[in-house]
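# Observations on chain architecture
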Amino acid sequence: MSERSHDAILATERARRYRAGGALLALLAVIAAAGHYVGVFDGARLAQGVPALLELMGNMLPPDFTGWQDWIAPLIDTLAMSVAGTAIAVIASVPLAFCAARNTTPSAALYHGTRNLLNFLRTVPELIMGILFVAAVGFGPLAGVLAVGLHSIGMVGKFFAETVEHADPAPIEAVRATGAGPAQVIWHGVLPQVLPRFLDVSVYRWEYNFRASTVMGLVGAGGIGFELIGSLRILAYREVFAILLVILATVIVVDGIGSALRRRIQ
Amino acid sequence: MLEIDNLTKTYADGLQALRGCSLTVPGAEVVAVIGPSGAGKSTFIRCINRLVTPTGGSIRLDGTELTALGERGLRGVRRHIGMIFQEYNLIERLTVMENVLAGRLGAVSFMQALLRRFPQADVDRAFELLARVGLEGYENSRADALSGGQRQRVGIARALMQEPRLLLVDEPTSSLDPKVARSILALICELASELGIPALINIHDVGLALRFARRVIGLSAGEIVFDGAPAEVDEAALSRIYGADDWRDAFRQEGEEDRHVAGEGMAS
Ligand SMILES: Nc1ncnc2c1ncn2[C@@H]1O[C@H](COP(=O)(O)OP(=O)(O)OP(=O)(O)O)[C@@H](O)[C@H]1O
Ligand SMILES: [Mg+2]
């Protein structure tokens, strides 16, 4: 290797290192500015906050479970919300996914259209959808179901579409070679390949949706979150803590059921 | 009767895979298509059922022009062209029976396929065919539980389920060990002559090709450079197909133990 090309390699190597160093410094500066802006470096306020937090925790103890009977119905609401919301999302996602997968989409326009729709649905947080649906259909679990369902379509549809795109093209081609039409190709060639993954994604999403459903009540969209915000408003911190513990316990149970279901799919 | 005239295929990237191939297969005849890797063998047979769209030329099956067909007409014709693949291309998670019945998808309505309600006659025929290819008793096994040779037998049964007027076979034995390869190829040839239909078989193994085919087509760089009986495949022909230096290698690697056997096959 000639002397000059050696130098040239060293020079590009050095330039690359400077660029990386510069990028790192810029990143640190952005983090520091953001932290300062929100007050993370405000020592005095933090110092005040710690005893306040300790006091709050003191007020929360011991948890007050006396109102437990009032939480059963909202908990069932929450569970129903997560199940119905997930079902809506899965049912809507199947046809959307076949439109949003390159290998099965009927047309390029439909492909881009559904991709954009899925991206959009993922972009709007479910709490904001909850607020909109409370305005549209009134307080209660229905608004929550619609919010959870619609937001989920964005993610479930995208995962379904990606699964379809990863399906083995060989058997699909074999089905097409028998003279099968597009619907039969999907039903017989694609669906058997993607079904286990579809189920896995659906159950996983249900676990997520149960957690999302617990906070829907904060915007009036039904479920146990409604009890939580109610107790918070009247400063009944011991009850708040009890409800939080109940939510935590049910989330653990739901996650356990979900993992067990998903293990059985494999 | 299959008539191919001046077939050309240029892929989107500008690669000329077929440069004017003509071939007439009058009736029931097993035609082996040999040639080096990249010669265009797969492109050639995939143009026939239009898994690849030809760029020029004409293909007629029993008088019907295939290159001009629309979606619907194409499906109608594909229904009667059985295809057998190197990697079997089964739907792994479905049962053997479901895979064989897939051969009837072109013939049944979507609702029937949706409910997996195939006519009883189809189911009976599937049982018969599975017995014929030696898979009696495997009807309810999942395809991914079978060996390579067994899977290819399912692939053959699926193609026969179509009541084909033509068999297209792309490297049916390349993923199998030599003994199984021979039995699979023998089965395909036997069935083609039983049904009285032409079969086009792409095959790497020249020895096997000479042994089983009635006619050999040599493809090289997208052109048919040989068309004759197995007995006519001599050194000159092979060097035309594979290039002057390469054919010995091609022959030795792939046909070693079949070379002398090929002689027997031709004599009988
Ligand atoms: N979809 C495609 N797009 C572009 N080029 C392709 C495509 N499929 C095949 N080719 C090219 O066309 C030529 C012929 O390919 P083909 O698969 O028909 O050859 P083959 O004789 O079947 O080879 P092999 O023995 O390896 O299977 C090759 O050069 C290949 O790279
Ligand atoms: Mg090939």
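As the structure is a computational prediction, the values presented were derived from the model and not from experiment. (Residues numbered from 1 in each chain as written. Chains lettered and ligands numbered in written order. Predicted model: local features only at pLDDT ≥ 70, side-chain atom pairs only at ≥ 80, totals over all residues. Heavy atoms only, no water.)

## What to know about the pattern of salt bridges
Residue and element names in this part refer to chain B. Counted by the stated rule, this structure contains 21 salt bridges over all chains. Put simply, R165 and D62 hold a salt bridge, and the shortest N to O gap is 2.9 Å. You can see R165 sitting in the loop between α6 (148-161) and β7 (166-170) and its partner D62 sitting in the loop between β4 (56-61) and β5 (64-65), a full 103 residues away along the chain. One salt-bridge network, held together by shared partners, links R104, D122, R125 and E163. (Salt bridge = Lys/Arg side-chain N within 4 Å of Asp/Glu carboxyl O. Helix = DSSP H or I, 4+ residues; strand = E, 2+ residues; numbered from the N terminus.)

## Points about the site of ligand 1
Residue and element names in this part refer to chain B. Around ligand 1, the structure places 14 residues, and the nearest of them are S37, G38, K41, S42 and T43. Within the side chain of Y11, an N or O atom sits 3.4 Å from a nitrogen atom of ligand 1. Taking S37, its side chain carries an N or O atom lying 2.4 Å from an oxygen atom of ligand 1. When ligand 1 is considered free in solution it has 630 Å² of accessible area, and contact with the protein chains removes 62% of it. Top contributing element to the shell around ligand 1 by residue count: helix α1 (residues 41-48), with three residues. Considering only residue class, the shell around ligand 1 consists of five nonpolar, six polar and three charged. (Near = heavy atom within 4 Å. Polar contact = N/O pair within 3.5 Å; in protein donor to acceptor, adjacent residues only side chain to side chain. Areas by Shrake-Rupley, 256 points an atom, 1.4 Å probe, with all protein chains shown as cover. Nonpolar A, V, L, I, M, F, W, Y, C, P; charged D, E, K, R; others polar.)

## Remarks on the confidence of the model for chain A
Residue-level pLDDT values for chain A average 88, and 98% of them are 70 or greater. Highest mean pLDDT in chain A belongs to helix α4 (residues 108-123) of chain A (94); lowest belongs to helix α2 (residues 43-60) of chain A (82). (pLDDT = per-residue confidence, 0-100.)

## Considerations on unusual backbone geometry
Positive phi, close to 60°, is recorded for A:L235, a residue that is not glycine. Note that A:L235 resides in the loop between α9 (224-233) and α10 (237-265). Under the relative-accessibility criterion, A:L235 is labelled exposed at 55%. Backbone geometry places B:D62, a non-glycine residue, at a positive phi of 45°. (Buried < 20%, exposed > 50% of the residue type's maximum accessible area, 1.4 Å probe, protein only.)

## Considerations on the packing of aromatic side chains
Residues and elements named next belong to chain A. Applying the stated criterion across every chain yields a total of two aromatic pairs over all chains. On the basis of an interplanar angle of 5° and a centroid distance of 3.9 Å, the ring pair of F160 and F198 is categorised as stacked. In this pair, F160 sits in helix α6 (residues 141-165) while F198 sits in helix α8 (residues 182-216), placing the two residues 38 residues apart along the sequence. Each member of the pair F160 and F198 is classed as buried. (Phe/Tyr/Trp six-rings, centres within 6.5 Å; stacked < 30°, edge-to-face > 60°.)

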